[in-house]
Structures are given as C-alpha cells and as structure tokens.
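What follows is each chain in one-letter form.
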Amino acid sequence: MYSSIQVGKYLVSPLVRRDQAGRYIASVSIRSGHASMTQDRLMRFTPLFASAQAAVDFAKAEAFSYIRARALPVMQA
C-alpha cells in the first residue's frame with residue numbers, strides 16, 4: 001500500500017498490483033467530499049511498468065493532471 005496524498009479537496013491514493021508476468025499495473029483513486037457526499041473516481045491505466053515505483057509515479061502524475069484540469073476555468077466561446 002502506498003501513502004495517500006492530500007491535494008486541496010482531493011485525496012489521491014495510488015494503487016499498484018502485479019500481473020502474472022511480474023509487471024506492475026497502476027491505478028489511482030481520487031476522492032473528494034465526505035460522509036454521504038463522498039465521490040471517488042478510480043482510474044485504471046493500460047501501460048505496464050517494470051517497477052512498482054514507476055507505476056506509482058505514473059498514477060500520481062495522472063491524478064495531478066486530472067485535478068489541474070478540474071481547477072481550470074471553463075472558457076466560453
């Protein structure tokens with residue numbers, strides 16, 4: 001289990017598991033809110049990684065990218 005990271009109102013939890021060939025599969029949980037208003041987005045990724053750390057780093061980078069995109073103002077045309 002890897003440490004969760006608080007990013008503003010989001011809790012980012014990288015998840016890593018091994019496949020049958022010994023490669024690592026990355027996913028990440030991005031949680032916001034609390035109690036009955038909790039929302040949890042789970043992202044699973046298709047790249048395979050040679051190390052658990054590489055998988056964690058990729059999952060965190062994708063989560064941070066998602067959070068940044070959610071924080072950007074919507075441009076009206």
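How each quantity is defined
- Residues numbered from 1 in each chain as written.
- Predicted model: local features only at pLDDT ≥ 70, side-chain atom pairs only at ≥ 80, totals over all residues.
- Heavy atoms only, no water.
- Helix = DSSP H or I, 4+ residues; strand = E, 2+ residues; numbered from the N terminus.
- Contact = heavy atoms within 4.5 Å.
- Phe/Tyr/Trp six-rings, centres within 6.5 Å; stacked < 30°, edge-to-face > 60°.
- Salt bridge = Lys/Arg side-chain N within 4 Å of Asp/Glu carboxyl O.
- Buried < 20%, exposed > 50% of the residue type's maximum accessible area, 1.4 Å probe, protein only.
- Core = buried A, V, L, I, M, F, W, Y, C linked by side-chain atoms within 4.5 Å.
- Expected span 1.5 Å × (residues − 1).

1. Some details on the environment of Lys 9
- Mapped onto the elements of the fold, Lys 9 is located in the loop between strand S1 (5–7) and strand S2 (10–18).
- Separated by 42 residues in sequence, Lys 9 and Ser 51 place their C-alpha atoms 29 Å apart.
- The contact partners of Lys 9, leaving out residues within four places of it in the chain, are Arg 31, Ser 32 and Gly 33.

2. As for the packing of aromatic side chains
- Taken as a whole and assessed by the stated rule, the structure comprises two aromatic pairs.
- Seen from their ring centres, Phe 45 and Phe 58 are 5.2 Å apart, and the 85 degrees between their planes marks the pair as edge-to-face. Of this pair, Phe 45 sits in strand S4 (residues 39–49) while Phe 58 sits in helix H1 (residues 52–71), and the two are 13 residues apart along the sequence.
- On the basis of an interplanar angle of 45 degrees and a centroid distance of 5.2 Å, the ring pair of Phe 49 and Phe 58 is categorised as tilted.
- Grouping aromatic residues by their ring pairs yields a cluster made of Phe 45, Phe 49 and Phe 58.

3. Quick notes on the pattern of salt bridges
- By the definition in use, this model includes two salt bridges.
- Between Arg 23 and Asp 19 there is a salt bridge, with the nearest N and O atoms lying 3.0 Å from each other.
- You can call Asp 19 buried: its relative accessible area is 18%.
- One salt bridge connects Asp 40 with Arg 31, and the closest N-O pair in it is separated by 3.1 Å.
- You can call Asp 40 partly exposed: its relative accessible area is 43%.

4. Digging into unusual backbone geometry
- Despite not being glycine, Ala 35 has its phi angle at roughly 55 degrees, a positive value.
- Position of Ala 35 relative to the elements: it lies in the loop between strand S3 (24–32) and S4.
- Under the relative-accessibility criterion, Ala 35 is labelled exposed at 67%.

5. Observations regarding the nonpolar core
- Among the nonpolar cores identified, the biggest contains 15 residues, and Ala 26, Val 28, Ile 30, Met 43, Phe 45 and Ile 67 are the most heavily contacted of them.
- The greatest single-element share of this core, amounting to six residues, is contributed by H1.

6. Brief notes about H1
- Under the 1.5 Å per step criterion, the end-to-end length of H1 is 29 Å for 20 residues, consistent within 8% with the ideal 28 Å.
- On the buried face of H1, the contacting elements are S1, S2, S3 and S4.

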